[in-house]
Amino acid sequence: MNPRHVPVSPQAGRDYSLGPLLRVAGQRASAAFTAALATLGIEGRHFGVMMNVVRHGPMSQRRLCELTGSDKSSMMRTVDDLEARGLAIRRPAEGDRRAHAVDLTGAGRDLFTHAEEVAVRTNGELLGHLDPDEQEQLRRLLRKFVAPGE
């Protein structure tokens, strides 16, 4: 990482470094995942949709937006991309004829298996300089940060 992109510690009593640190950490992780997933011809946004469908089953684009933090038009483009590649399919949702549920095809599930291996390897590379306790502590604190009270 380029040292000039690392936020410096603020003056005592004036700590506002959280936002800049999270931004730089997010950029580092995003760049690593983008490069790693490119070998499979997908992007992080595709991986996020595929991961959530594998974890939770077929679901509406609206629910995918909630789970991934994506907006409606971006989600539509992402699902369109997956559908055009034969990796996902939209089906009528149970109980609501107006809605469609996004599901993965067999090819989509197969690709996700490979993408998951790439994600695990990349995750390990990103956290490799931390010992196992530090890795778990970082994950635990980030989960607590993004979901206070849970």
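Residues numbered from 1 in each chain as written. Predicted model: local features only at pLDDT ≥ 70, side-chain atom pairs only at ≥ 80, totals over all residues. Heavy atoms only, no water.

## What about the layout of surface pockets?
Okay, step 1: By volume, the largest pocket amounts to about 1,500 Å³.
Okay, step 2: Of all the secondary-structure elements, those providing two or more residues to the lining of the largest pocket are helix 1 (18-38), helix 2 (44-56), helix 5 (106-127) and helix 6 (132-146).
Okay, step 3: Ranked by the residues each element gives to the lining of the largest pocket, the list is headed by helix 1, at ten residues.
Okay, step 4: A per-class count over the lining of the largest pocket returns 20 nonpolar, ten polar and six charged. (1 Å grid on protein atoms, 1.4 Å probe; cavity = no way out; pocket = protein on both sides within 12 Å on 5 of 7 lines; lining within 4 Å. Points joined across faces, edges and corners; volume = space filled by probe spheres on them. Helix = DSSP H or I, 4+ residues; strand = E, 2+ residues; numbered from the N terminus. Nonpolar A, V, L, I, M, F, W, Y, C, P; charged D, E, K, R; others polar.)

## Section: the packing of helix 2 against helix 4 (residues 72-84)
Okay, step 1: Relative to each other, helix 2 and helix 4 sit at 85°, their axes nearing to 10 Å. Classified by the interaxial angle, the pair formed by helix 2 and helix 4 is roughly perpendicular. Every residue of helix 4 that contacts helix 2 at Arg45, His46, Val49 and Met50 is listed here: Met75, Arg77, Thr78, Asp81 and Leu82.
Okay, step 2: Looking at side-chain class alone, the contact of helix 2 with helix 4 contains four nonpolar, two polar and three charged residues. (Axes fitted to C-alpha atoms, helices over the stretch in contact; angles between N-to-C directions. Parallel < 35°, antiparallel > 145°, perpendicular 65-115°, else oblique. Contact = heavy atoms within 4.5 Å.)

## Remarks on the side chain of Asn52
Okay, step 1: Among the secondary structure elements, Asn52 is positioned in helix 2.
Okay, step 2: Residue class for Asn52 comes out buried when judged on its relative accessible area of 5%.
Okay, step 3: Every residue in contact with Asn52, bar those within four places of it in the chain, is listed here: Gly57, Met59, Leu64, Leu67 and Thr68. (Buried < 20%, exposed > 50% of the residue type's maximum accessible area, 1.4 Å probe, protein only.)

## Some points on the pairing of strand 3 (residues 96-104)
Okay, step 1: Direction of pairing for strand 1 (residues 59-60) relative to strand 3: antiparallel, over a ladder of two bridges. Bridge assignment links Ser60 to a residue of strand 3, and that residue is Ala101.
Okay, step 2: Bridging between strand 2 (residues 88-93) and strand 3 involves six bridges; their strand directions are antiparallel. Considered in strand 3, the bridge of Arg90 is made with Val102.
Okay, step 3: Linkage of strand 2 to strand 3, two consecutive antiparallel strands, is achieved through a turn of two residues, within which Gly95 is found at a positive phi near 80°. (Pairing = 2+ DSSP bridges.)

## Things to note about the nonpolar core
Okay, step 1: Ranked by size, the top nonpolar core spans 22 residues in total, and within it Ile42, Phe47, Met50 and Leu64 carry the most contacts.
Okay, step 2: If you list the elements that add at least two residues to this core, you get helix 1, helix 2, helix 3 (61-68), helix 4, strand 3 and helix 5. (Core = buried A, V, L, I, M, F, W, Y, C linked by side-chain atoms within 4.5 Å.)

## Observations concerning the sheet that holds strand 3
Okay, step 1: In spatial order, the strands read 1-3-2; together these three strands make up an open sheet with antiparallel pairing. Looking along the sheet, the strands with just one partner apiece sit at the ends: strand 1 and strand 2.
Okay, step 2: Together, strand 1 and strand 3 form the strand contacts of helix 2, whose direction differs from that of strand 3 by roughly 105°.

## As for the environment of Met76
Okay, step 1: As for its position among the elements, Met76 is in helix 4.
Okay, step 2: In this structure Met76 comes out as partly exposed when scored by relative accessible area, which is 40%.
Okay, step 3: In this structure, the C-alpha to C-alpha distance between Met76 and Ala25, residues 51 residues apart in sequence, is 27 Å.
Okay, step 4: Excluding its chain neighbours within four sequence positions, the residues that come into contact with Met76 are Gln61 and Arg90.

## Overview of the side chain of Gln135
Okay, step 1: Topologically, Gln135 is positioned in helix 6.
Okay, step 2: For Gln135, a relative accessible area of 18% translates into the label buried.

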